[in-house]
Amino acid sequence: MTTALFSVAGVVALIAAVIVVTSRRIVHAALWLVVALGAVAGCFGALHAEFVALVQILVYVGAIVVLVLFALMLTKAPTNPLPNLTTGRSPFAAVVAVVLALILGTGVVLAFGNEKIKPVTDGSAQAVGTQIFKTWVLPFEVLSVLLLAALIGAIALSQRKKED
């Protein structure tokens, strides 16, 4: 049952991620990002890592996507389709993405074979908190500074006077 739930959530995340990348409207891409990140939280839930799934929803869906939408609103980015941004390199990028996916998929299959997905036993709040605040404290703080810089940049861009 765990493998089936994990697989369904993984397929939903993959489809939503492709739509995020191929969407011509930036707001639609942000909303599909919510679906993709929610499906990743579903993958964690299928593995019985409820705390990590809830953190995924709160941090990524609740904060990152809202930050992206606020940045779009503050910078007054165009929300209509932008066909002139598409370049002739899209087919090459698609081929590179497929080749990379095949290489990564082959590596995962060769590494894990026919093993069944087992529920996570170390997904408790105490274990995750210990890892975050002992082992991963520096990347955690760097990410918070990066998000603060992005917010300050969006505010600075929105306050810029229009040149005639």
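Quantities reported herein were computed from a predicted structural model and do not represent experimental measurements. (Residues numbered from 1 in each chain as written. Predicted model: local features only at pLDDT ≥ 70, side-chain atom pairs only at ≥ 80, totals over all residues. Heavy atoms only, no water.)

(A) Representation of the overall build of the chain. When its secondary structure is counted, the chain shows 6 helices and 0 strands. For the chain, the succession of helices and strands along the chain, N to C, is α-α-α-α-α-α. For the chain, the residues scored as buried account for 14% of the 164 residues in total. With the model as given, the accessible surface of the chain reaches about 12,200 Å², and the carbon-plus-sulfur share is 74%. (Helix = DSSP H or I, 4+ residues; strand = E, 2+ residues; numbered from the N terminus. Buried < 20%, exposed > 50% of the residue type's maximum accessible area, 1.4 Å probe, protein only. Areas by Shrake-Rupley, 256 points an atom, 1.4 Å probe, with all protein chains shown as cover.)

(B) Unusual backbone geometry, seen in detail. The backbone of H48 shows a phi angle near 65 degrees, a positive value even though the residue is not glycine. Tracing the backbone through its elements, the reader meets H48 in the loop between α2 (26-46) and α3 (50-74).

(C) Quick peek at the packing of helix α1 (residues 2-22) against α2. Relative orientation of the contacting elements α1 and α2 amounts to 165 degrees, with a least axis distance of 8 Å. Taken together, the axis directions place α1 and α2 in an arrangement best described as roughly antiparallel. The hand of the α1/α2 crossing is left-handed. Contact residues: α1 offers T2, L5, F6, A9, G10, V12, A13, A16, A17, I19 and V20, while α2 offers A29, W32, L33, V35, A36, A39, V40, G42, C43 and A46. Residue composition of the contact of α1 with α2, by class: 18 nonpolar, 3 polar and no charged. (Axes fitted to C-alpha atoms, helices over the stretch in contact; angles between N-to-C directions. Parallel < 35°, antiparallel > 145°, perpendicular 65-115°, else oblique. Left-handed = near helix turned anticlockwise from the far one by under 90°. Contact = heavy atoms within 4.5 Å. Nonpolar A, V, L, I, M, F, W, Y, C, P; charged D, E, K, R; others polar.)

(D) Spotlight on the layout of surface pockets. Of the voids in this model, the second largest pocket is the one considered here, and its volume is about 560 Å³. Considering the residues around the second largest pocket, the lining is formed by 21 residues, among which V55, V59, Y60, F140 and L143 are closest to the centre. Contributing elements (two or more residues each) for the lining of the second largest pocket: α3, α5 (125-135) and α6 (137-159). Of all the elements, α3 adds the most residues to the lining of the second largest pocket, at 9 residues. (1 Å grid on protein atoms, 1.4 Å probe; cavity = no way out; pocket = protein on both sides within 12 Å on 5 of 7 lines; lining within 4 Å. Points joined across faces, edges and corners; volume = space filled by probe spheres on them.)

(E) Representation of the environment of S90 in the model. With respect to the secondary-structure elements, S90 resides in helix α4 (residues 90-112). Sequence spacing of S90 and T22 is 68 residues, and the spatial spacing of their C-alpha atoms is 9.9 Å.

(F) Representation of the packing of aromatic side chains in the model. Counted according to the given criterion, the structure contains 1 aromatic pair. Taking 5.7 Å as the distance between ring centres and 75 degrees as the angle between the ring planes, the aromatic pair formed by F133 and F140 counts as edge-to-face. With relative accessibility at 40%, the residue F140 sits in the partly exposed group. (Phe/Tyr/Trp six-rings, centres within 6.5 Å; stacked < 30°, edge-to-face > 60°.)

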